[in-house]
Amino acid sequence: MKFSNTYISLGEDFYEKVCPMPVKDPKLFLWNASLAEQLRVADDLKNDLGGLARAFCGNDIISGSEPIAMAYAGHQFGNFVPQLGDGRAHLLGEVINQKGQRLDVQLKGSGRTNFSRGGDGRCALGPALREFIMSEAMHALGVPTTRCLSVVTTGEDVFRESRLPGAVVTRIASSHLRVGTFQYFASRGDLDNLKSLCNYTVERHFPELLKEEGPHRYILLLDKVIAGLVHLVVEWMRVGFIHGVMNTDNTSICGETIDYGPCSMMGVYDPKTVYSSIDRMGRYAFGHQAEMMQWNLLRFAECLLPLMDDNADKAIKQIEPVAASFSKRFQKSYEEMMGKKLGFVSYQEEDQKLLFDILDQIQKNHLDYTISFDRLTKSLSSQTISMEIKKDFEACYEPWLKRVNSQKETSQEVQEIMRRQNPVLIPRNHHVENVLRESADTGKEDAAEKFLQALRSPYEELDLTAQYQDQPNDGDKSYQTFCGT
Ligand code: AMP
Ligand code: MG
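About the cut-offs
- Residues numbered from 1 in each chain as written.
- Chains lettered and ligands numbered in written order.
- Predicted model: local features only at pLDDT ≥ 70, side-chain atom pairs only at ≥ 80, totals over all residues.
- Heavy atoms only, no water.
- Core = buried A, V, L, I, M, F, W, Y, C linked by side-chain atoms within 4.5 Å.
- Buried < 20%, exposed > 50% of the residue type's maximum accessible area, 1.4 Å probe, protein only.
- Helix = DSSP H or I, 4+ residues; strand = E, 2+ residues; numbered from the N terminus.
- Domains from an automatic or database assignment.
- Salt bridge = Lys/Arg side-chain N within 4 Å of Asp/Glu carboxyl O.
- Pairing = 2+ DSSP bridges.

> Talk me through the nonpolar core; I want residue IDs and the actual numbers.
By size, the foremost hydrophobic cluster in this structure holds 125 residues, and its most contacted members are Y7, V151, F300 and W400. The dominant element in this core, judged by the number of residues it contributes, is helix α6 (residues 214-239), at 14 residues. The residues that make up this core include at least three from each of domain 1 (6-173) and domain 2 (179-333). Residues L45, F56, V152 and V168 belong to the second largest nonpolar core, which totals 23 residues.

Dropping the structure here:
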């Protein structure tokens, strides 16, 4: 593993140089072997479990790494906090993977920093495993996401509502640039650093914009960031993912799902679904996520205003057309995606009514989102399922079938298109919780590894799959998630 750290070159206003705090007894709990291979992780450490545990808890600093805690601000549930920052995370550095992409390697739960604000800098095993399992599941589903390389138990306890085993999780991200990173400098009126940050972002993520000069470069930057985040939310809607804490500090500029604290999956379809205990107003409910992403992007657009023009009105005029484009872009992309879930190879405006009628039907009958689309997919080749689901979809079923059959593609081709959009397996909340509980109780990784094996093939019916497909007994009515602090 060869580290560099381009972020350090931005200067000390952007971070604190700080080493992870050593832990008592590090043990490798989960290791992502295929990701490790892509990252070309220290080949000399490959078979040295103790060495890997020490490196990925922060006890040993891998040569070339210069750990830093990054500074950022953020709107948390709508309230602006001018300084947040990595309070329990250390960026070890960047590596180039086999495809030539530059990726951040960050430890989380690795001790206190100047940004800890009273927190202990630590992470419990449960949230670390949740991040590993959920991000692996999302990656396999094809949703853009940060990933996890490892979970290392620390041999120390952390104190939350109760005493819990501690862990350090290693996160791999295209970068850790958040909307909140831009807000940190914009809110301080620090235009020099803001500009450096924008140029760094362009160079790292959108080098095709380097040829653009002046304000135009930043307008196009906004456009690219919107494109990535539109795609991200559409993908969340496709698989039923509820992020749970879409604050601007948890919104990545490169369009990846980041921060798996109180996330969950929607079972029974209802846009109002929310499970996070701290989200009492349903701000980040399933069906609210596009609106909230737009809100976050408007905060990002505001950060760019001072780079447009000294005159505020002129600056707004320049950026407004792009900033205001989110809704339309989202709606178009969302409907096309939903159309594919229904097997419409090319989505037509006239499909909208049928699409929303079907969703209404699923909601009215309190049906499971994943199972409904899975069965619809299967119904194209199974008379039995087709007969059964007619009842669920009532007056929508025949028009749907007619629309699907009116295309030039064969039924089998349509089914293949639908299958690519409609997973047979998602990381259902009750199974995630069971696995986290069993892991903490036994101290063994078996339950997590077995679950991961099924989750890594979400569009395929493996022998294992059926064990994790059932709906929860109470329809998740009493389910709650908590911020993984
Ligand atoms: P999050 O809710 O994970 O997005 O975190 C929000 C902020 O709280 C970030 O600045 C974190 O670094 C910080 N934070 C969360 N948990 C802890 C902790 N246990 N110790 C120190 N800082 C924390
Ligand atoms: Mg966060």
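> Requested: an account of the pattern of salt bridges, with residues and values cited.
As a working rule, side chains carrying opposite charge can pair if their charged atoms are close by. All told, the structure shown has 31 salt bridges when counted by the stated rule. The partner of E131 in a salt bridge is K108, with the nearest N and O atoms 3.1 Å apart. Remark: K108 occurs in strand β7 (residues 102-108) and E131 occurs in helix α3 (residues 125-141); sequence separation between them is 23 residues. A relative accessible area of 2% means that E131 is categorised as buried. Classification of K108 by relative accessible area gives buried; the value is 8%. Between R238 and E235 there is a salt bridge; the shortest N-O distance is 2.8 Å. Note that R238 and E235 are positioned in helix α6 at a spacing of three residues, about one turn of the helix. Residue class for E235 comes out buried when judged on its relative accessible area of 8%. Salt bridges sharing common partners tie together E94, R102, D104 and R204.

> Tell me about the pairing of β7, and name the residues and values.
Of all seven residues in β7, six are buried; the element is thus mostly enclosed. The sheet contact formed by strand β6 (residues 89-96) and β7 spans seven bridges and is antiparallel. Residue pairing in the sheet places V95 in a bridge with L103 of β7. Between β6 and the antiparallel strand that follows it, β7, lie five residues; G100 among them carries a positive phi value of about 85°. Note: β7 against strand β9 (residues 163-173), five bridges, orientation antiparallel.

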